Structures are given as C-alpha cells and as structure tokens.
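Listed below, chain by chain, are the residues.
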Amino acid sequence: MGQTTLIRLSEFVHSQLLPLVEAEAEKVKQELLCASAEDQGVLQERLKKLDELTSVVLYQRWLRPSRNPEIPSLSEPADDGRPNLLKIDVQGLLSRLMHIRPSSRITLLTGKLTDADVLELLWLGEGRISHLEILNMKERELGRVKHVNEINQLQQAINRHNAIELKRIIQDMRQRPEIAQNPERSALFNEFLENIPRIMSFYANQPLGSRFGSDSTTILGTRFGMGFAVPDTLPRGAQKMIEKESDESFQIPLHVPVQCIDVYSEPEEVSPFVKWVRKNLGFTKFGMKHSREWVATYANAEVTTNNCNVVSLGGITRGNTNGLVADETKQKKEKTGFSYTNTTILNIIKVTIGFLPAFLTFMLTQNWWVLAWFGALIWFSITGIRNIIQAVIAGGGFQKGARIDWKSLINWSRVSDSLMYTGMSVVLLEGFTRNVLLGHILGITVDKAPLLVFSIIALANGLYISSHNIFRGFPKTAVVGNLFRSILAIPVAMVYNVILAMILPIITGMPAAAILVPAAAIVSKFASDTVAGVIESVADRRNNYRLRTSDFRMSTKALFSCFERMELAFPKKDILSLMSRPADFIRVISERSKSMEIECIVISLDLMYIWYYQPCAQHAFLTELKRMSAEERLVFVRFQKSLTEYKEVSRLFLSGMLGSNFSKALAFYLDNYKAYLTAIDDICRKIEERSPVELQEAYVKNSPLTSAVVWMKTQSAALERKFRGKKEESLAQEAAEKTTTENV
C-alpha cells in the first residue's frame, strides 16, 4: 500500500529475491567448509556480493531514471503531452491549493534548491508559502542539502525583519555567475532589491516557519527513527542514555529554541490550613498542582553543528547488507552486563552485596550476641517487611472478589534494591554515626540524650537516602520527601524508644539501657521505615489509583463511542432497550457488522480483566461510576450484558482472537463473568439507593430512558389499582362475614 514509486518497486523486487539470495548464500557457506585456501577467497567474495545485493543496489544499478533514459521521468520537467496539472506553474499551483483550503499551510521542500531558488519561490508565492523544510534526514544522507545553511540564513533575515541583512544576502546572490550571466534572473534580483520591504511584509504577521523530518518512509537502506525530541524535555533516564551515545545515531544538526513554562493550577477546594500558609508564611503556590510545559519556537530554528539540541528518538538503522555475513565490529562493541542477568540471580547478588557489610558491621560493633549475630537480619527484616506491606497496601490490599495474588503486587527487584542500599547504610548509621561519632567522639548515648541521638542518626540517614536517590536518578520531589521523612522519624523513634524501654526488661530480664543503647540505630531505622511505609504506600496507592482511573476512562470512552456508533447504525431501533436482551442484541449487531459485535465483547472483556487483575481497580470503578449520570451507568451495565452470551464469546476465543494459547483466558471468563456482572449491578444499585436522582420533566422527555420511566409509572399505577381492588374486595368480604355473624 502507499504511493507507487521506484523505491517501492525496488523494495518489492528485493523481497522477492531475498529467499533465493539466502538459499544461494547457504550453499556458498557449505562449500566454504570444505574448500581449499584458493577457493575460499573466491567464495568469500561471492558471499559478500550476495550480502550486498540490497534494495539500494537494485535501485542504483537498474531502476533509477538515469539507467532507463527511454522511460519518461515525471520528476523531470518536459513538454511531452503529460497532464495539465504537471505543467502548471508555481503561482497557479498555489492558487489552486489556497482555493481548496484557504487556511492551509504550504511547506516548500528545499532539498534540491539553492537559497536563490527559495527567494524566487517566496516572491512568486507572495506569502502563501508558510514553511520551509530546513532539514530532511533523507536528503542529508544522500548529500543533497548543500545550501541548507544559506537557506536558513535567508529565513532568519526575513523573520527578524532585518532589511540590512536581507539586502546583503540578495546582493551576494546577484553576483553569482549563474545569476549575473542570466539577464532575466539578474533583472529579477534587481527587482528584489527594490522591493525588500514588500518581501518582509509577506511574513509581517506570521513568521516563515520551519519544518524538519526524517522522511524515513521514502529512503532505501538507511532509515531514521520517526520523531525528534529536545533532550531537556525528556526524563532523566532518557537523557543519560543519549549522553552515552557519542555517535551520529542520535544527534541532529539542529537547534530549536525552547521555553520551559511551570504551570500552577488551583484545586477545586482549598482548605483553611492551605489558605493560612499562603497568607502568613508567604508560600503563594502551596497546595497547587504543578505541571511543566515546553514550548518550541520553530520559526527560529537554526541548522548548526555547534549548539544542536535535537535528537532522533529512534536513532539510525543502516541496511547496507542482507545480514548474511556476521559483522565482527558490531560483535566487539556489544557488551553484556548485569541487565542481561537472570532477574532472580541478580536480586540475590544485590541482597548479598547489602547483607555482607551490614553483618560485618554488627559483628564488629556489638557486644551482646543477639545484636552481633542477628542485628543485620533484624535490620533487613524491617526494610523487607516494610516494602512488602507497602506494596500490598498500595495495590489496594486484599480486595473482595479480586483474583490478583498479593505476591504479584510486590516488585522483588525494587525490594532487592532497597535491601542493598539499606545494607550499605549500616556502615554509616551503626558503624560510624552511633559507634564512632556519638559513642567515642561525643560520648552521647540514647539513655542520656535520646532526642539528640535520634536527631543525629536521622539526619545522617536522610542525607544518605537523598544522596543515593540522586545517584539513581530519582526526581527532586523524592529527594526532598526523603529528607522530610527523616525529620518525621525523630518523634516516632522517641515513642518507640519509650515503648521498648517498658517491654524489653520484661521479655529479656535485662536493663533497658543495656539493650537500647547499642540498638539506637535499629530503633531509628525502624522509625524511619515506619514513616517511609506510610508516605510511600499512600503515594504508590494514589499512583495505582490514577493508572486504574486512566484505564477505566479509556475503556469507557471506547464503550460509549461504540454505543454511539451502534445508535447511528440503527436509527430506527432502541439500542438501549435491545441491550437488555443480550441474545437479540448480539444477533442484530452481528447481522449488520461483525466487527462491531467483536468490539463490544472485547471492551467488556477488558473491563472485566481490569476489575479482577489490576491494583485498586474496584475502588477506581466505584469512584468513576459515582461520577456518571444514571443514564450513563445504565448504558455501562447493559453494554456488558453481552458477556452472558458465553457461546458467542467462547467462539471468539476458539477462532484465534488471543492466538493458540487461550485456555487460561477462556477459563477465567467462564468462571467469573457472572460474578463480575452481578458485582457491577450491585454497585450501580447501591449508588442509586444512596443518591436518588429526581428526574425533571424536561430531562425525562429528552432522555432515552423515557420509555423505561413511563413503563415503570404504568406498572406502578397498575399495581396500585390491583392492590386497591384487592383491598376493597377484602373489606367487602369482612363486611359480609360481619353481617352473617350478626344474623346468626
């Protein structure tokens, strides 16, 4: 698919020849195994030629227009009876384009043009050319951008309204031999000199913009990654990766001025405490939501190699060979590191690296055998258990009906990283801070000055955590948060110290000071992890809730979009009432569009999977369903009634919707779809009971639920009449019995 070009033809021919080339190369490789030294050179040369027979070679040798002069080339101007549209001049073409869409943006491709050609075209366009393509990676690779710097200078002179610079540029153009020796062009450039204000007036209101691209879909062999970016706007991890790449695969010779804009938005509700802080402490942005936006000024983009700030997101992929011969230079450059190690083995290595210094430190600093042998284990248990509890709470805890296992909520690599760094902190907190600084240099112990001891240990811990957070590339908010966490840990450590002072003598029979003085670092660590567990679990839970809310909104957006298309596809049918009968709904939809039926089922299965297997999904569902109107909730529930047609859904699984490995997914659906639909019905019913909505008369008339409301009113009136009739009949029967009794 796509435009018919010689490039596409060469790629097609190459795709048809490649199996034959590979088969021939395999034969040559087999012959090399038993060939003599003389024959090996010939066979190696033959294998090299087969490897180099790419689409580029096919195009250059046989398909390009210069190789076939007898075939007219539409890219070369000629008076050979071609259509009138190919004969039209620049002014006529621009007029036609502006007539089709007056507000359109027209970009001039400058790959094969000089700056003088560009000036002529801008003059003929009279401001209708809105952008110049100042850089095209395909043209640059082919060596066709010889005048890109001169074109960029012309563009900058026009955009800056610098008449002196523009006059100098035009005078330099006029002195060139190809213009000076051509009377017609020389007269035209004299006219340019006399009309410099008019040239600048073309772009007085709107500057002459810039365009640049990879053109990766129309180049043979070498392909550039689609999309460019300014490294300053990327995450820190991506910036580090770009900094490591010193070759040309990422850097683009272009500088685009960018502006960083910090946006602070006021929340819907502002608490009195936030107002007090802003008014009395001067923190005017306290409590606001912060976001950062980057704005690029493309009109001032410059082609340069000195101050370039643009990179290619995909780098460069060179396809100069068919890959039949191994590239030894690439094999030497490739280095395998820890990133390719098995995850379990790598986690064990990390924990070991952290445990060894922790164990040795406690063995050297402690006199009591319990802390000497088990101090490192206690230290690691505090951090490990905190990470596990934090992950479970952040994942929503043990949600009722959820199929997600609590073990799957834990990121063991993250736990291993935490254990490795906390093991190294033992050397600082226990070995140096408590033992050397506080014990030997200052002579301060926790039984004499607990507040000072815990403050110093907490400060050291906060500096250590912040430093390794910076080393690992964490955002600034995490670094500041860990410093704040260390401050909050001080009063918590004081409370823990008091509690342990009352409990430990009862358990061990030893004085409290004999245990708490050498265990001061452990108590401070316990307090720090307690505060960290609370803060980070809340933050992770909010992040999970945000992700689930995004998933739910994307799925419901697709759901309502599909419902809207069904309403338009069946203008004479009430789709909402039809959904209450899933069998009829599936039959009617499949008769018109099988793809619409599949989309309906797939959306419902997605929502069902999110409900059961994503953290915080049920809480996000409940919150978002409360924000919906009664009509939207009814559509949401009835839309998913299609899951009750288990035969049709199972047929989709069996037909290869998920490939050949569908047994677990099918079993999950068959086991849980009834419970899922029941749970959704119960949630919507509870929402309606807790927040009854009074239907206004105008809303009822315009609502698609009018028929349902009218039916409910009709049934209610019928039941009332039936009950009234039964009551009157009962009263009459009682009166007759009373009369009979009196007569007797």
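Above this text sits the structure in question.
Residues numbered from 1 in each chain as written. Predicted model: local features only at pLDDT ≥ 70, side-chain atom pairs only at ≥ 80, totals over all residues. Heavy atoms only, no water.

A. Summary view of the nonpolar core. With 48 residues, the main nonpolar core has Met566, Phe585, Phe621, Phe636, Tyr669 and Tyr676 as its most contacted residues. Of all the secondary structure elements, the ones that give two or more residues to this core are helix 21 (520–569), helix 22 (575–579), helix 23 (582–592), helix 24 (594–613), helix 25 (617–627), helix 26 (630–639), helix 27 (646–654) and helix 28 (663–690). Ignoring anything within four residues of it in the chain, the contact list for Phe636 reads Phe552, Thr556, Leu559, Leu607, Phe621, Leu625, Met628 and Ile680. The next biggest cluster of nonpolar side chains, apart from the first, holds 38 residues, and it includes Leu108, Leu154, Ile179 and Ile199. (Core = buried A, V, L, I, M, F, W, Y, C linked by side-chain atoms within 4.5 Å. Buried < 20%, exposed > 50% of the residue type's maximum accessible area, 1.4 Å probe, protein only. Helix = DSSP H or I, 4+ residues; strand = E, 2+ residues; numbered from the N terminus. Contact = heavy atoms within 4.5 Å.)

B. Looking closely at the sheet that holds strand 2 (residues 131–136). A sheet is described by the order of its strands in space; here three strands give the open sequence 1-2-3, paired in parallel fashion. Sheet topology places strand 1 (107–109) and strand 3 (209–213) at the edges, where each strand pairs with a single neighbour. Recorded for the sheet is a direction-independent mean angle of 35° between the axes of neighbouring strands. In this structure, strand 1 lies alongside strand 2, joined through three bridges in parallel fashion. Bridge pairing links Leu109 to Glu133 in strand 2. This element, helix 7 (residues 148–159), spans strand 2 and strand 3 of the sheet and lies at about 150° to strand 2. (Pairing = 2+ DSSP bridges. Axes fitted to C-alpha atoms, helices over the stretch in contact; angles between N-to-C directions.)

C. Focus on the packing of aromatic side chains. Enumeration over the complete set of coordinates arrives at 21 aromatic pairs. A centroid spacing of 5.4 Å and a plane angle of 85° characterise the contact between Phe355 and Phe380, whose relative ring orientation is edge-to-face. Taken as a pair, Phe355 in helix 15 (residues 343–365) and Phe380 in helix 16 (residues 369–394) lie far apart in primary sequence, 25 residues in all. A residue is classified by how much of its surface remains accessible, and Phe380, at 8% relative accessible area, is buried. Residues Tyr669 and Tyr673 carry aromatic rings whose centres are separated by 5.0 Å and whose planes lie at 25° to one another, so their mutual orientation is stacked. Taken together, the residues Tyr669 and Tyr673, both in helix 28 and four residues apart, mark about one turn of the helix. Under the relative-accessibility criterion, Tyr669 is labelled buried at 1%. By way of ring pairs, the aromatic residues Phe552, Tyr609, Trp611, Tyr612, Tyr613, Phe621, Phe636, Phe668 and Tyr676 are connected into one cluster. The side chain of Lys285 reaches across the aromatic face of Tyr264, ending 5.4 Å from its centre. In this structure, Arg592 packs its charged tip against the face of Phe570, placed 4.7 Å from the ring centre. (Phe/Tyr/Trp six-rings, centres within 6.5 Å; stacked < 30°, edge-to-face > 60°. Lys NZ or Arg CZ within 6 Å of the ring centre and 35° of its normal.)

D. Inspection of helix 3 (residues 55–63) at higher detail. Listing the buried residues of helix 3 in full gives Ser55, Val57, Leu58 and Tyr59. Looking at the buried side of helix 3, the elements it contacts are helix 1 (6–33).

E. Just the packing of helix 18 (residues 450–471) against helix 21, in detail. Their axes nearest at 10 Å, the elements helix 18 and helix 21 cross at an angle of 60°. Relative to helix 21, the element helix 18 lies oblique. The interaxial crossing formed by helix 18 with helix 21 has right-handed handedness. Side by side, helix 18 and helix 21 meet where Val453, Phe454, Ile457, Ala458 and Asn461 of the first sit next to Ala520, Ala521, Val523, Ser524 and Ser528 of the second. Its residues placed into classes, the contact of helix 18 with helix 21 shows seven nonpolar, three polar and no charged. (Parallel < 35°, antiparallel > 145°, perpendicular 65-115°, else oblique. Left-handed = near helix turned anticlockwise from the far one by under 90°. Nonpolar A, V, L, I, M, F, W, Y, C, P; charged D, E, K, R; others polar.)

F. Here's a closer look at the pattern of salt bridges. Counting across every chain of the model gives 33 salt bridges. Across the pair Arg160 and Glu302 runs a salt bridge, and its minimum N-O distance is 3.5 Å. Taken together, the residues span a long stretch of sequence, with Arg160 in the loop between helix 7 and helix 8 (163–174) and Glu302 in the loop between strand 8 (289–296) and strand 9 (310–312) at a distance of 142 residues. What makes Glu302 partly exposed here is its relative accessible area of 31%. Among the ionic pairs, Arg548 bridges to Asp551, the shortest N-O distance being 3.0 Å. Of this pair, Arg548 and Asp551 both sit in helix 21, three residues apart, roughly one helical turn. Judged by relative accessible area, which is 8%, Arg548 ranks as buried. Asp551 gets classed as partly exposed once you look at its relative accessible area, which sits at 24%. Connected through salt bridges with shared partners, the residues Arg386, Arg414, Arg485, Lys525, Asp529, Glu536 and Asp540 form a single ionic network. (Salt bridge = Lys/Arg side-chain N within 4 Å of Asp/Glu carboxyl O.)

G. Geometry of a nonpolar patch on the surface. Nonpolar side chains collect at one region of the surface, where Val495, Val498, Ile499, Met502, Ile503, Ile506 and Ile507 lie side by side and expose about 700 Å² of accessible area between them. Note that Ile507 resides in helix 19 (residues 476–508). On the basis of relative accessible area, Ile507 is assigned to the exposed category, the value being 63%. (Patch = residues over 30% accessible without salt bridge, like charges linked within 9 Å, V, L, I, M, F, W, Y side chains within 5 Å. Areas by Shrake-Rupley, 256 points an atom, 1.4 Å probe, with all protein chains shown as cover.)

H. Summary view of the pairing of strand 2. With six of six residues buried, strand 2 lies mostly within the body of the structure. With five bridges joining them, strand 2 and strand 3 adopt parallel strand pairing. Bridge pairing links Leu135 to Phe212 in strand 3.

I. Spotlight on the packing of helix 1 against helix 3. In the contact formed by helix 1 and helix 3, the axes pass within 9 Å of each other and the chain directions differ by 120°. In terms of their interaxial angle, helix 1 and helix 3 are classed as oblique. Here helix 1 and helix 3 pass one another in a crossing that is right-handed. Packed against helix 1, whose contacting residues are Leu6, Leu9, Ser10, Glu11, Val13, His14 and Leu17, the element helix 3 presents Ser55, Leu58, Tyr59 and Leu63 at the interface. Along the lines of polarity and charge, the residues of the contact of helix 1 with helix 3 split into seven nonpolar, three polar and one charged.

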